[in-house]
Amino acid sequence: MLAATLSHFFHLPEVNIASIKHEGAHSKVLLCSKAPNVEYCPRCAEPSSTTYDHRTIRVKDAPVREHSVFLLIKKRRLYCKRCKKPFTEPVPGIRKRKRHTDRFERHLTEACNNFCDLKTVRRYYRCSGKYLYQTYYKQLELKARTKLSPWPKSIAIDEHSFRRNRHYGHTEFASVIVDYSKKRVKEVVEGKTSAALMDQLSYIPGRENVKNVVIDMCDPFKSFAREFFPEARIVADKFHVLRLLSPSLLRKRKEITGTRADLRAKKLLLMSSKNIDYFSRIKLEEFLRKYPLMHELYCWKEALHRFYRIRGYNKASRALTELTDRMARSLIPEIKTLRKTLIKRREEILNYFLTRLTNARTEGFNNKAKLVKRRAYGYRSFKNYRLRLLNACS
Ligand SMILES: [Zn+2]
């Protein structure tokens with residue numbers, strides 16, 4: 001009766017627990033055997049109940065109340081009359097030649113996801129670092145494989161820095177592809193060039209499904225999207241367009257005040273004036289009145305914000321033409337550059353008014369990527385980084 005209850009408690013349906021032995025202060029050993037059922041030969045599927053001899057295996061199970069649990073299972077070897085060879089009976093939940101139960105591996109993966117670092121997991125589960133890494137990344141790989149699906153309708157691409165190159169010191173990048181319908185990271189790619197993206201994404205089927213691609217203002221992503229998804233509509237990210245004048249505004253401010261500090265003032269300068277409260281706005285206007293060049297730059301930035309408040313493609317198209325025409329009369333070199341960019345990216349910028357898609361979600365995942373990197377104090381292997389990031393953003 002007690003044995004049956006114990007088996008039930010340990011969730012081992014086909015295993016009979018005979019007794020429990022203490023081994024040191026922190027581990028328990030369960031002496032058990034498998035229920036004597038009829039087993040089938042793995043070679044010819046012939047049923048057999050003829051016992052040939054016995055073997056005892058020792059496997060580690062998930063811990064119970066901070067105590068390691070080992071199962072000492074006496075297994076039968078059965079004789080197959082057709083093959084004239086013996087075979088060992090299988091135990092559900094323990095794979096052949098494994099020293100840990102499947103349950104232990106699942107527990108370990110869960111702990112790796114939730115504990116602050118893998119070293120703590122190693123100490124808690126009393127296993128070697130090599131075993132922990134191998135098991136964890138194998139489980140993540142399996143999980144990533146179950147999420148394989150064709151391309152969705154809307155995607156976004158953005159890059160973030162991955163690490164410093166150890167030999168040359170330059171920054172290496174990782175590109176994130178976000179699935180908009182499922183709100184998760186679809187794939188992480190090493191590098192941010194068009195060739196790298198094509199090479200590493202070619203395995204995903206259903207390219208023709210993609211109708212919208214949101215990108216920032218960089219050329220490699222645009223050429224990649226054009227070539228890889230010929231039927232898709234390319235959308236320039238709203239926030240990247242709004243940010244185009246920020247560096248020149250901040251530079252001008254530094255020239256005037258002689259300092260880059262004062263975050264509050266910086267923020268006020270870059271915010272849309274619609275969101276600034278009354279008293280701050282008065283202060284800002286006072287400051288701008290003293291510096292006409294700065295004021296003009298600020299007005300152009302505000303014009304961009306106003307442009308993005310428009311609803312409807314046709315209205316936006318007319319407004320953009322009018323905006324670039326007005327910019328042509330400006331004498332500030334930054335505005336001339338901005339005008340060129342707006343004309344060059346006109347189609348993508350206007351596509352925003354058809355889809356209203358932005359890269360906000362991708363930026364959110366970039367933030368998460370930063371946390372993933374911090375948690376492991378950086379990664380040397382891109383493969384492992386990719387699996388961790390896919391796991392964190394799924
Ligand atoms: Zn057989």
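See the structure above.
First, a word on what this report is: a plain description of the structure on this page. (Residues numbered from 1 in each chain as written. Predicted model: local features only at pLDDT ≥ 70, side-chain atom pairs only at ≥ 80, totals over all residues. Heavy atoms only, no water.)

So, about the pattern of salt bridges. Scanning the model with the defined rule gives 20 salt bridges in all. Among the ionic pairs, Arg-77 bridges to Asp-53, the shortest N-O distance being 2.9 Å. Taken together, the residues span a long stretch of sequence, with Arg-77 in strand β6 (residues 67–80) and Asp-53 in strand β5 (residues 51–64) at a distance of 24 residues. Assessed through its relative accessible area of 15%, Arg-77 is described here as buried. Between Arg-386 and Glu-187 there is a salt bridge, with the nearest N and O atoms lying 2.6 Å from each other. One end of the pair, Arg-386, is in helix α16 (residues 382–392); the other, Glu-187, is in strand β10 (residues 184–190), with 199 residues separating them in the sequence. (Salt bridge = Lys/Arg side-chain N within 4 Å of Asp/Glu carboxyl O. Helix = DSSP H or I, 4+ residues; strand = E, 2+ residues; numbered from the N terminus. Buried < 20%, exposed > 50% of the residue type's maximum accessible area, 1.4 Å probe, protein only.)

Coordination of the zinc ion by the protein comes from Cys-41 (SG), Cys-44 (SG), Cys-80 (SG) and Cys-83 (SG), over a distance range of 2.1 to 2.4 Å. Along the chain, the residues donating to the zinc ion are arranged with the sequence spacing C-x2-C-x35-C-x2-C. With Cys-44 in the loop between β3 (39–40) and β4 (47–48) and Cys-83 in the loop between β6 and β7 (85–88), this pair connects stretches of sequence that are 39 residues apart. (Donors = N, O, S within 2.8 Å, 3.2 Å for Na, K, Ca; no water.)

Moving on to the sheet that holds strand β12 (residues 233–236). The strand order across the open sheet built from five strands is β10-β9-β8-β11-β12, with neighbouring strands paired in mixed fashion. In this open sheet, the two edge strands, each paired with only one partner strand, are β10 and β12. Ignoring strand direction, the axes of neighbouring strands in this sheet form an average angle of 30 degrees. Pairing analysis gives nine bridges linking strand β8 (residues 154–164) to strand β9 (residues 171–179), with the strands arranged antiparallel. Each residue of the ladder has a partner; that of Glu-159, found in β9, is Ser-175. Against the sheet, helix α14 (residues 346–355) contacts β11 (212–215) and β12, and its axis sits at roughly 100 degrees relative to β12. (Pairing = 2+ DSSP bridges. Axes fitted to C-alpha atoms, helices over the stretch in contact; angles between N-to-C directions. Contact = heavy atoms within 4.5 Å.)

The sheet contact formed by strand β1 (residues 15–23) and strand β2 (residues 27–34) spans eight bridges and is antiparallel. Across the sheet, the residue bridging to Ser-19 is Leu-31, located in β2. As consecutive antiparallel partners, β1 and β2 are separated by three residues, and within that stretch Gly-24 has a phi angle of approximately 70 degrees, a positive value. Note that β2 and β6 share seven bridges and pair parallel. Bridged to Cys-32 within β6 is Ile-73.

Okay, a positive patch on the surface next. A contiguous patch of positive charge on the surface is contributed by Arg-43, Lys-85, Lys-96 and Arg-97. Its place among the elements puts Arg-43 in the loop between β3 and β4. Look at Arg-43 and you get partly exposed, because its relative accessible area is 46%. (Patch = residues over 30% accessible without salt bridge, like charges linked within 9 Å, V, L, I, M, F, W, Y side chains within 5 Å. Areas by Shrake-Rupley, 256 points an atom, 1.4 Å probe, with all protein chains shown as cover. Lys, Arg positive; Asp, Glu negative; His and termini not counted. Charge placed at Lys NZ, Arg CZ, Asp CG, Glu CD.)

The next thing to look at is helix α13 (residues 333–344). End to end, α13 covers 17 Å across twelve residues, agreeing with the expected 16 Å (1.5 Å per residue, within 8%). Buried within α13 we find Glu-334, Ile-335, Leu-338 and Leu-342. With its buried residues spanning 95 degrees around the axis, α13 presents them on a single face. Away from the buried face of α13 by more than 90 degrees, exposed residues Pro-333, Lys-340 and Lys-344 are located. Looking at the buried residues of α13, the elements they touch are α7 (238–242), α8 (246–257), α11 (292–308), α12 (313–328) and α14. (Expected span 1.5 Å × (residues − 1). Arc of directions from axis to C-beta.)

Looking now at a nonpolar patch on the surface. Residues Tyr-278, Phe-279 and Ile-282 make up a contiguous nonpolar surface patch of roughly 370 Å² in combined accessible area. If you trace the backbone, Tyr-278 turns up in helix α10 (residues 278–290).

In this structure, the largest pocket encloses a volume near 520 Å³. Forming the boundary of the largest pocket are 19 residues, of which Lys-75, Thr-88, Glu-89, Lys-96 and Arg-97 lie nearest the centre. Put simply, the parts of the chain that give the lining of the largest pocket at least two residues each are β5, β6 and β7. Top contributing element to the lining of the largest pocket by residue count: β7, with three residues. Split by residue class, the lining of the largest pocket holds eight nonpolar, one polar and ten charged. For the second largest pocket, the calculated volume is near 360 Å³. Around the second largest pocket, the lining comprises 15 residues; the ones closest to its centre are Tyr-133, Tyr-137, Ala-376, Gly-378 and Tyr-379. Of the residues in the lining of the second largest pocket, the class split is seven nonpolar, three polar and five charged. (1 Å grid on protein atoms, 1.4 Å probe; cavity = no way out; pocket = protein on both sides within 12 Å on 5 of 7 lines; lining within 4 Å. Points joined across faces, edges and corners; volume = space filled by probe spheres on them. Nonpolar A, V, L, I, M, F, W, Y, C, P; charged D, E, K, R; others polar.)

Attention now goes to unusual backbone geometry. Apart from glycine, the bulk of residues carry a negative phi angle, and the bulk of peptide bonds sit in the trans form. The backbone of Ala-45 sits at a positive phi, close to 65 degrees, despite the residue not being glycine. Even without being a glycine, Glu-66 presents a positive backbone phi close to 65 degrees. Here Glu-66 lies in the loop between β5 and β6.

Moving on: the packing of helix α4 (residues 129–146) against α16. Closest axis-to-axis distance for the α4/α16 pair is 10 Å, and the angle between their directions is 60 degrees. Overall, the two elements α4 and α16 adopt an arrangement that is oblique. Pair α4 / α16 crosses with left-handed handedness. Contacts between α4 and α16 involve Tyr-136, Tyr-137, Leu-140, Glu-141, Lys-143 and Ala-144 on the former and, on the latter, Lys-383, Asn-384, Leu-387, Arg-388, Leu-390 and Asn-391. Class assignment of the residues belonging to the contact of α4 with α16 gives a composition of six nonpolar, two polar and four charged. (Parallel < 35°, antiparallel > 145°, perpendicular 65-115°, else oblique. Left-handed = near helix turned anticlockwise from the far one by under 90°.)

Keep in mind that these numbers describe shape and distance, not what the molecule does.
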